[in-house]
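Secondary and tertiary structure notes
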Amino acid sequence: MALALAVAACGTDAGGRPRAVRVAVAGNFAAPLSELARQFTERSGIPIEASIGATGQLYAQIVNGAPFDVFLAADDVRPALLERDGWTASDSRVAYAVGRLVLFVPGRASLASVDAELRGGGIRALALANPHTAPYGAAAQQVLERLGLWDSLRAVVIRGESVSQTFQFVASGAADAGLVALSQMTGRDSREYRVISDTLHRPLRQEAALLRQGSEHPGARAFLTFLGGEQARRMIAGFGYDTP
Amino acid sequence: MTLDWRVIALTAELAGVTTAILIIGGTPLAWWLSRTHSRARPVIEAVVALPLVLPPTVLGFYLLILLSPSGAIGAFWESLGGPRLVFSFPGLVIGSVLYSLPFVIQPLHNAFRAVPDTLLDAAAALRAGPLDRFRSVVLPLARPGFLTAMTLGFAHTVGEFGVVLMIGGNIPGRTQVLSIALYNNVEALEYGRAHTLAGGLLAFSLAVLLVVYSLNRRFETPRL
């Protein structure tokens, strides 16, 4: 209620309703965001409009004047660049989720350990996201390097442009295994995947930032506060992320 | 993220405006291409065909940079008091016009080339002015070309993705068209909705092409 009152002061449209908060969100967090947005709107009356894209593409759009209030990135690199170049409200950068990687092999009754599965030689096509553009791809490459398997598995690796495309490669059967996000395993049989130890790759810290555009919009700040709150953190964890 | 009529209305509006601009602006260009002996012709033809081979993301990326408030064209435009071009409907129209250009110009160009000079000369001998000749000789003969150009231009704009995602920014109600709503559904793992949209687009595209090809066949039968 206090939230709603704080917002009522400004940021309204002609009809007196609050203007929607425009959130640019990385593809991997699209599903959690739509659930978080629903709850936030229920509580505050402020609608959320999500624009989904790849983190690098959203970054390019923000520095070219895209009208976004909040940026939910898939990494901590692009938000830091935006802050350095003055595109964010000062000190608004905050980690909201930490991604976890899984080895996903659908259609199997049981899986051995990650290490044994990857070394077993039974994989004909292993999907991972492009390490140059997708944070989950870079983490997947680090895992394979750390396990000393990068050179031997290179020949069977196929690359998706994003972690969602990578997931589709595996889910459709085009690849028999993939290194994808735990958050994509919603509704999957837990025997089809193994969570990969986060000591094998740099943390997949996903950061949020309040953009210059949104610093005037009280709803945008309120949404970021909501995102760091206990209720949101529980929900984020439920979607397969660690919370910072 | 739901399938709403806003998305369909926006897509239809974009495709309609784009097709109208392309037919109005493309007709003189295609006519010039079909009659000129200028050495600039191959250059113009190559530029017109460029969107056929260029990855849409390349076109989208350059447009984003050129049209943005700090870009060469965007800065000039806004200094004249024009509205923001990127992440807005006008920006989508500019991108779509470029992207669908060859799909309108080439059918028109082919149709105009097939109009025999002798007919135009005969009309001229009967003292028909240039506009009159165009209206009463060229237009009826080129009707199948116009039909193909309009349907391909419209359908191709409905199906575009890379350009509108890049310069549109995927903003609900303003720049979120059908193909992008489909992308959203896939990203958000809402495969049921994705199937509805993808199936709808497939049926629409097939229907459009069927109409074009059946009408063209009817026009092909001798009518003299």
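Since the model is a prediction, treat every value here as computed from it, not as a measurement.

As a further point, take the packing of helix α5 (residues 89–113) of chain B against helix α8 (residues 143–159) of chain B. Two numbers describe a pair of packed helices, the interaxial angle and the distance between the axes. All names here are of chain B. Running from amino to carboxyl end, α5 crosses α8 at an angle of 165 degrees, the nearest separation of the two axes being 8 Å. The angle between α5 and α8 falls in the class roughly antiparallel. Classified by chirality, the crossing of α8 by α5 is right-handed. Facing S96, S100, F103, V104, P107, L108, N110 and A111 of α5, the residues of α8 in contact are P144, G145, F146, T148, A149, L152, G153, H156 and T157.

Residue and element names in this part refer to chain A. Taken in spatial order, the five strands make up an open sheet running β7-β6-β8-β5-β9, and their pairing is mixed. Looking at the sheet topology across the chains shown, the edges are occupied by β7 (157–160) and β9 (193–195). On average, each strand axis in the sheet is inclined to that of its neighbour by 30 degrees, with strand direction left out of account. As defined by bridge partners, strand β6 (residues 126–129) adjoins strand β8 (residues 177–181) across three bridges and the pair is classed as parallel. Among the inter-strand pairings, L128 is bridged to a residue of β8, identified as L179. Running over the sheet, helix α6 (residues 135–146) touches β5 (101–104), β6 and β8 and is turned about 130 degrees from β6. Running over the sheet, helix α8 (residues 163–171) touches β5, β6, β7 and β8 and is turned about 145 degrees from β8.

All names here are of chain A. Entries for chain A in the domain assignment read domain 1 (2–98 + 204–238) and domain 2 (101–195). Spacing between the C-alpha centres of domain 1 and domain 2 amounts to 30 Å. Every contact between the two is made by seven residues of domain 1 and, on the other side, nine residues of domain 2. Among the residues forming the side of domain 1 that touches domain 2, the class breakdown is three nonpolar, three polar and one charged.

Across the contact, 18 residues belong to chain A and 17 residues belong to chain B. Sorting the residues of the side of chain A that touches chain B by element identifies α2 (30–44), β2 (48–53) and α3 (55–62) of chain A as the ones contributing at least two each. The element contributing the most residues to the side of chain A that touches chain B is β2 of chain A, with five residues. In terms of residue class, the side of chain A that touches chain B is made up of seven nonpolar, nine polar and two charged.

Here we take up the sheet that holds strand β3 (residues 70–72) of chain A. Residue and element names in this part refer to chain A. One open sheet accounts for five strands, arranged β2-β1-β3-β10-β4; its pairing is mixed. Strand pairing shows two members of the sheet lacking a second neighbour, β2 and β4 (94–99), which therefore form its edges. Put simply, the sheet's adjacent strands are angled 20 degrees from each other on average, direction ignored. Sheet topology note: the β3/strand β10 (residues 204–210) ladder contains three bridges and is antiparallel. Counted as the bridge partner of V70 is L210 from β10.

It is worth spelling out α6 of chain A at this point. Residues and elements named next belong to chain A. Taking 1.5 Å per residue, twelve residues should reach 16 Å; α6 reaches 16 Å between its end C-alpha atoms and fits that length. All buried positions along α6 are accounted for by P135, Y136, G137, A139, A140, V143 and L144. G148 sits one or two positions beyond α6 and adopts a positive phi of about 70 degrees.

In this section: the environment of T41 of chain A. Residues and elements named next belong to chain A. Position of T41 among the secondary structure elements: in helix α2. According to the C-beta neighbour criterion, T41 is partly exposed, with 17 such atoms within 10 Å. Taking the C-alpha atoms as reference, T41 lies 9.5 Å from A20; in sequence the two are 21 residues apart. Not counting residues within four places of it along the chain, the set of residues in contact with T41 comprises I46, P47 and I48.

Definitions and limits used
Residues numbered from 1 in each chain as written. Chains lettered and ligands numbered in written order. Predicted model: local features only at pLDDT ≥ 70, side-chain atom pairs only at ≥ 80, totals over all residues. Axes fitted to C-alpha atoms, helices over the stretch in contact; angles between N-to-C directions. Helix = DSSP H or I, 4+ residues; strand = E, 2+ residues; numbered from the N terminus. Parallel < 35°, antiparallel > 145°, perpendicular 65-115°, else oblique. Left-handed = near helix turned anticlockwise from the far one by under 90°. Contact = placed C-beta atoms within 7 Å. Pairing = 2+ DSSP bridges. Domains from an automatic or database assignment. Nonpolar A, V, L, I, M, F, W, Y, C, P; charged D, E, K, R; others polar. Expected span 1.5 Å × (residues − 1). Buried ≥ 20, exposed ≤ 12 C-beta atoms within 10 Å, placed from the backbone.

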